[in-house]
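Chain by chain, the residues run as shown.
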Amino acid sequence: MNALESASTRPYLIRALYEWCTDNALTPYIAVLADDTVQVPREYVQNGEIVLNISFDATSGLKLGNEFVEFKARFGGVAREIIVPMDRVIAIYARENGQGMAFPVPVAKTSDDGVAPSDAEDAAVLESPEEGAARGGIQLVPSIGASDDEPSPEPPPPPARKRPSLKRIK
């Protein structure tokens, strides 16, 4: 079996990052290209994309298969069945810190040499949720060919406001 006949790496990477999120008490979100092949609530689609919380608490019957992401979830109090083909998942990341992975947006045609690009070649790592507005506030940083010699970007400053706390007065 050659590389063109092998299964896509996308479902395996999505399952791995989902497991990483849950193991670290983070909330896994997926960004989905919402076209006619996906079954999602259309009223929540913005700019042809929808972001879905796929955490254990937000879903029922989650199945991360090789072909589809399937689950039931409530939207505005109404239970909906969600079915997303794996090739329509364009990113998976943790809500709390934005770390995860982005995938190439699926295209109908192939490249000039007649070969479609592989998922692993075009994958990118999601880093800072505060920077960049290209993907809902998540900056895409290329993971392939990245140099370790380059300094990493400065982390964003902490939020200005603190969480409220109770103070006991005697």
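Described in the following lines is the structure provided in the data block. (Residues numbered from 1 in each chain as written. Predicted model: local features only at pLDDT ≥ 70, side-chain atom pairs only at ≥ 80, totals over all residues. Heavy atoms only, no water.)

We now examine the packing of aromatic side chains. Counted according to the given criterion, the structure contains two aromatic pairs. Summarising the aromatic geometry, the rings of Tyr-29 and Tyr-93 are spaced 6.0 Å apart at their centres and angled 50° between planes, so their arrangement reads as tilted. Linking Tyr-29 in strand S1 (residues 28-33) with Tyr-93 in strand S6 (residues 89-94), this pair joins segments that are 64 residues apart in sequence. Each of the two residues, Tyr-29 as well as Tyr-93, counts as buried. An angle of 45° between the planes, with centres 5.4 Å apart, marks the rings of Tyr-44 and Phe-75 as tilted. With a gap of 31 residues between them, Tyr-44 in the loop between S1 and strand S2 (49-53) and Phe-75 in strand S4 (residues 68-75) connect regions that are remote in the sequence. Judged by its relative accessible area of 38%, Tyr-44 falls in the partly exposed class. For Phe-75, a relative accessible area of 15% translates into the label buried. In this arrangement the basic side chain of Arg-15 is found over the ring face of Tyr-12, its NZ or CZ atom lying 4.7 Å from the centre. (Phe/Tyr/Trp six-rings, centres within 6.5 Å; stacked < 30°, edge-to-face > 60°. Helix = DSSP H or I, 4+ residues; strand = E, 2+ residues; numbered from the N terminus. Buried < 20%, exposed > 50% of the residue type's maximum accessible area, 1.4 Å probe, protein only. Lys NZ or Arg CZ within 6 Å of the ring centre and 35° of its normal.)

With that settled, the discussion passes to the pattern of salt bridges. Working definition: two side chains of opposite charge can pair if their charged atoms are close together. One pass over the structure, following the stated rule, counts four salt bridges. With a shortest N-O distance of 2.6 Å, Arg-80 and Glu-43 are connected by a salt bridge. Here the residue Arg-80 occupies a position in strand S5 (residues 78-85), and Glu-43 occupies one in the loop between S1 and S2, the gap between them amounting to 37 residues. Overall, the relative accessible area of 25% leaves Arg-80 in the partly exposed class. Between Arg-95 and Glu-96 there is a salt bridge whose closest N-O contact spans 3.4 Å. The partly exposed category is assigned to Glu-96, whose relative accessible area is 37%. Via salt bridges that share partners, Asp-35, Asp-87 and Arg-88 belong to a single interconnected network. (Salt bridge = Lys/Arg side-chain N within 4 Å of Asp/Glu carboxyl O.)

Within a beta sheet, neighbouring strands are joined by backbone hydrogen bonds and run either parallel or antiparallel to one another. Judged by pairing direction, the sheet is antiparallel, and its three strands sit side by side in the order S3-S4-S5 without closing on themselves. The open sheet has two edge strands with one neighbour each: strand S3 (60-64) and S5. Strand-to-strand, the axes of this sheet are offset by a mean angle of 25°, without reference to chain direction. Summarising the sheet, S4 and S5 pair through eight bridges and their orientation is antiparallel. When the sheet's bridge partners are listed, Val-69 is paired in S5 with Val-84. (Pairing = 2+ DSSP bridges. Axes fitted to C-alpha atoms, helices over the stretch in contact; angles between N-to-C directions.)

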